[in-house]
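Read off the chains here:
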Amino acid sequence: MSFKTIFKRLMAERLAFISFIFLGILVIIALLAPYIVPYEPFKQDLTKVMSPPSTEHWLGTDGLGSDIFSQLLMGSQTAIKAALFAIMIPLFIGVPLGILSGYFGGIIDDIFMRIVDGIIAIPAIILALGITSALGVNLMNAMMAIGIIFTPQFARLARGQTLQVRSEPYVEAAKISGAGSVWIMVRHIIPNISPPIVVQASFNLSIAILIETTLSFLGMGAQQPEVSWGNLIQQGYSMIDMYPWMMVYPGIAILLTILAGNFLGDGLRVALDPKQRKS
Amino acid sequence: MFLKFLLRRLLYVIPMLLITTLIVFSLILLIPGDPVLAMLGDSATHEKVEELRRQLGLDQPVMLQYFHWLNNAIHGDLGRSIFTGQLVDEALMQTLFVTMQLVVVGMIFSIVGGLFFAITSIYFPNSWMDYVARFFGTLGTAIPNFLVAMVLIIFFSLKLNWVPATGFTSIVHEPVSFLQQIILPGFSLSLAGIAVITRHLRSSLMETMDADYVRTAYSKGVSRYQAIFKHSLQNAMLPVVTTIGLLFGTMLGATVVVETIFAIPGMGQLVVNAIGQRDFTIVQGVVLVMIVMVIVINFITDIVYALLDPRIEY
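Residues numbered from 1 in each chain as written. Chains lettered and ligands numbered in written order. Predicted model: local features only at pLDDT ≥ 70, side-chain atom pairs only at ≥ 80, totals over all residues. Heavy atoms only, no water.

**Looking at the overall build of chain A**
Piece 1. Per the secondary structure count, chain A includes ten helices and zero strands.
Piece 2. The burial tally for chain A puts 53% of its 279 residues in the buried class.
Piece 3. Of the contacts made within chain A by residues no fewer than 6 positions apart, 72% connect residues no fewer than 24 positions apart.
Piece 4. Between the averaged position of the 17 positive side-chain charges in chain A and that of its 16 negative side-chain charges there is a distance of 14 Å. (Helix = DSSP H or I, 4+ residues; strand = E, 2+ residues; numbered from the N terminus. Buried < 20%, exposed > 50% of the residue type's maximum accessible area, 1.4 Å probe, protein only. Contact = heavy atoms within 4.5 Å. Lys, Arg positive; Asp, Glu negative; His and termini not counted. Charge placed at Lys NZ, Arg CZ, Asp CG, Glu CD.)

Set out below in structure tokens:
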């Protein structure tokens, strides 16, 4: 299937289409955020503490008079950045390791898979906390930790897919005609195992945002002047009895972004499945 | 035969434990620079630095350090907290029971909620209840548990004043206030679980409801109620057993967030505070205990699955 037909099939799914548009807008906002924010995200204005939404401050201000709308926009940048960075680590480390392990098999494969099983057994948040506490608490390390958590999942997926593809007739044919291992892996295995990996990656973008906001909420992720939706909710939490709706906007932002990522993943799964030929 | 199967599974668990403990141990290697200085801060005296270095065994080769640490850990000695000087295993014992109470409640909510939504959704297909179940199944995994927790606090504690917002009483001390205080944290912990169980059980039930033996049962005149409860559910639950086992790990991780928000003095809160204080021995201890618990639960899940599924031959 060409890229164009896949895209067409993806856009035919209504929810996936809406999610795609939503995430597209979000990425644009994230890129432009530093230039379009009406105020500096943490600029204090103590004359306007906790003001309700107005034409001046669209979503009101927080306990120090900072503009919530501006913080929200900057938070989108953190979320998108964290998700994209975190997904690169498993794609560039986990997937190749999985392919190699599955392709060559043997004792290395056994050991490798035991290690992968071991890491997967550790609850994601716990491992992330362990890694960030060791590396030092900041957004970069949180993103690294999320990437490390994803890596064994992708290695396992890539290995399983490689095992299936390895015995396909076209791989056998390539082997008989004298193709080297590297050639087979790059030309035959990677293209054929990529659909499930792409689907998994799109789901993991959502999970990355979920973990990033959770870590930031706990104070283990983004630190000022970085803004994360998780931090904003944490701020709202500290004023929950006086100003409970301060956390509504970042909450909605997180929820919609994660839902959009999930729907896009569902759509991709259908679009990339050659068995489902929808008109 | 079953014993042989049990032993084989057990043999699989041991390397798993070795690998995960090695991972926990090597977390200390990730600390940039001198971990001892990083833990104690720059103001520490030379003697104190050397003492901690010896205590952690950091003056020895890495593998030796690992075996030394593992040997101590097996004997229940996880060192002392760097911050408070308390024995790590003591701190863990104090908090473990609290966290277990929370997780068990979360698990009960997840299973009951998941069963309820999945069964109503299958019993009344395409009704509003079906849509509610499907909506819940999608939303439940997308909504972060700290958000759920705060929405619950705002409505049920601050607005309606039905239950206290924070705090914890152990079930052995005062069961009534335990129940009052555990409802909100238990529910925030279980939302994702309810969603996952609903989704899996629903699709698994859909499959079994189409199976030949259920169709045969229908043709013999059983009601839809009987078809679900007497014929389908038992088989449909089988794959969900694995889901429930895996859920345990996720939930254990989520207690970190839930305990922080609801001020529950469990392992999650312990580890969050320890990270703030750079108390690395505590972090190691908590991570270790959680991992061992997850591996043990996975082992039990495998065994339960094998016992329930007559097709598995040992």
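**What about the interface of chain A and chain B?**
Piece 1. With 36 residues of chain A in contact, the opposing surface of chain B contributes 40 residues.
Piece 2. Across the chain A to chain B interface the summed buried area is about 3400 Å²; carbon plus sulfur atoms make up 85%.
Piece 3. The three residues of chain A that bury the most area against chain B are I126, S133 and A134 of chain A, which together make up 15% of that side's buried surface.
Piece 4. At the junction of chain A and chain B, the tally comes to zero salt bridges.
Piece 5. The tally of links from chain A across to chain B stands at one residue pair in polar contact (both at pLDDT 80 or more).
Piece 6. Elements that contribute at least two residues to the side of chain A that touches chain B include exactly helix 4 (106-121), helix 5 (124-135), helix 8 (181-217), helix 9 (229-238) and helix 10 (248-272) of chain A.
Piece 7. It is helix 5 of chain A that contributes the most residues to the side of chain A that touches chain B, eight residues altogether.
Piece 8. When the residues that make up the side of chain A that touches chain B are grouped by side-chain class, the tally is 26 nonpolar, seven polar and three charged. (Buried area = accessible area lost by both parts, 1.4 Å probe. Salt bridge = Lys/Arg side-chain N within 4 Å of Asp/Glu carboxyl O. Polar contact = N/O pair within 3.5 Å; in protein donor to acceptor, adjacent residues only side chain to side chain. Nonpolar A, V, L, I, M, F, W, Y, C, P; charged D, E, K, R; others polar.)

**Overview of a nonpolar patch on the surface**
All names here are of chain A.
Piece 1. Judged by side-chain polarity, F3, F7, L15, F17, I18, F20, I21 and I25 come together as a nonpolar surface patch covering roughly 770 Å² of accessible area.
Piece 2. Elements with a contribution of two residues or more to the nonpolar patch: helix 1 (3-12) and helix 2 (14-36).
Piece 3. No other element matches the six residues that helix 2 contributes to the nonpolar patch.
Piece 4. Its place among the elements puts L15 in helix 2.
Piece 5. Take L15: its relative accessible area is 46%, and that puts it in the partly exposed class. (Patch = residues over 30% accessible without salt bridge, like charges linked within 9 Å, V, L, I, M, F, W, Y side chains within 5 Å. Areas by Shrake-Rupley, 256 points an atom, 1.4 Å probe, with all protein chains shown as cover.)

**A word on the UniProt feature "transmembrane region" (unreviewed entry) in chain B**
Residues and elements named next belong to chain B.
Piece 1. The sites that UniProt annotates as "transmembrane region" (unreviewed entry) are residues 12-31, 102-124, 136-158, 178-197, 236-262 and 282-308.
Piece 2. From the first C-alpha to the last, residues 102-124 spans 33 Å; its make-up is 96% helix and 0% strand.
Piece 3. Helix makes up 100% of residues 282-308 and strand makes up 0%, while its end C-alpha atoms are separated by 39 Å. (UniProt positions renumbered as here; feature names shortened; annotations may be inferred.)

**A few points about the packing of helix 10 (residues 224-262) of chain B against helix 12 (residues 280-308) of chain B**
Residues and elements named next belong to chain B.
Piece 1. Running from N to C, helix 10 and helix 12 point in directions that differ by 170°, and their axes come no closer than 9 Å. What the angle tells us is that helix 10 and helix 12 run roughly antiparallel. Contact with helix 10, carried on its side by L238, P239, V241, T242, G245, L246, F248, G249, L252 and T255, involves M290, M293, V294, I297, N298, T301, V304, Y305 and L308 of helix 12 and no other residues of that element.
Piece 2. Residues belonging to the contact of helix 10 with helix 12 are distributed by class as follows: 13 nonpolar, six polar and no charged. (Axes fitted to C-alpha atoms, helices over the stretch in contact; angles between N-to-C directions. Parallel < 35°, antiparallel > 145°, perpendicular 65-115°, else oblique.)

**With respect to the pattern of salt bridges**
Residue and element names in this part refer to chain A.
Piece 1. Under the definition given, this model contains eight salt bridges over all chains.
Piece 2. Notably, a salt bridge pairs R159 with D109, separated by 2.7 Å at the nearest N-O pair. Here R159 is found in helix 6 (residues 139-166), whereas its partner D109 is found in helix 4, with 50 residues between them in sequence. Both residues of the pair, R159 and D109, belong to the buried class.
Piece 3. A salt bridge links R269 to D266, with the shortest nitrogen-to-oxygen separation between them at 3.0 Å. Remark: D266 and R269 occur in helix 10; sequence separation between them is three residues, near one turn of the helix.

**Brief notes about unusual backbone geometry**
Residues and elements named next belong to chain B.
Piece 1. Positive phi is not limited to glycine here, since N126 has a value of about 60°.
Piece 2. Of note, N126 is situated in the loop between helix 5 (88-123) and helix 6 (128-142).
Piece 3. Taking relative accessible area as the criterion, N126 reaches 54% and is therefore assigned exposed.
Piece 4. Despite not being glycine, A263 shows a phi value in the positive range, around 55°.
Piece 5. When you line up the elements, A263 lands in the loop between helix 10 and helix 11 (267-276).

**Some thoughts on the side chain of Q161 of chain A**
All names here are of chain A.
Piece 1. As for its placement among the helices and strands, Q161 is situated in helix 6.
Piece 2. Classification of Q161 by relative accessible area gives buried; the value is 19%.
Piece 3. Contacts of Q161, omitting those with residues within four sequence positions, involve I193 and P196.

**A look at the confidence of the model for chain B**
Residues and elements named next belong to chain B.
Piece 1. The predicted model of chain B has a mean per-residue pLDDT of 83, with 97% of residues at 70 or higher.
Piece 2. Per-element confidence in chain B is highest for helix 5, whose mean pLDDT is 90, and lowest for helix 2 (residues 35-40), whose mean pLDDT is 71.
Piece 3. As scored by the predictor, the complex reaches a pTM of 0.86 and an ipTM of 0.82. (pLDDT = per-residue confidence, 0-100.)

**Some remarks on the environment of R134 of chain B**
All names here are of chain B.
Piece 1. In this fold, R134 is placed in helix 6.
Piece 2. For R134, a relative accessible area of 36% translates into the label partly exposed.
Piece 3. Residues R134 and G79 lie 55 residues apart in sequence; the distance between their C-alpha atoms is 48 Å.

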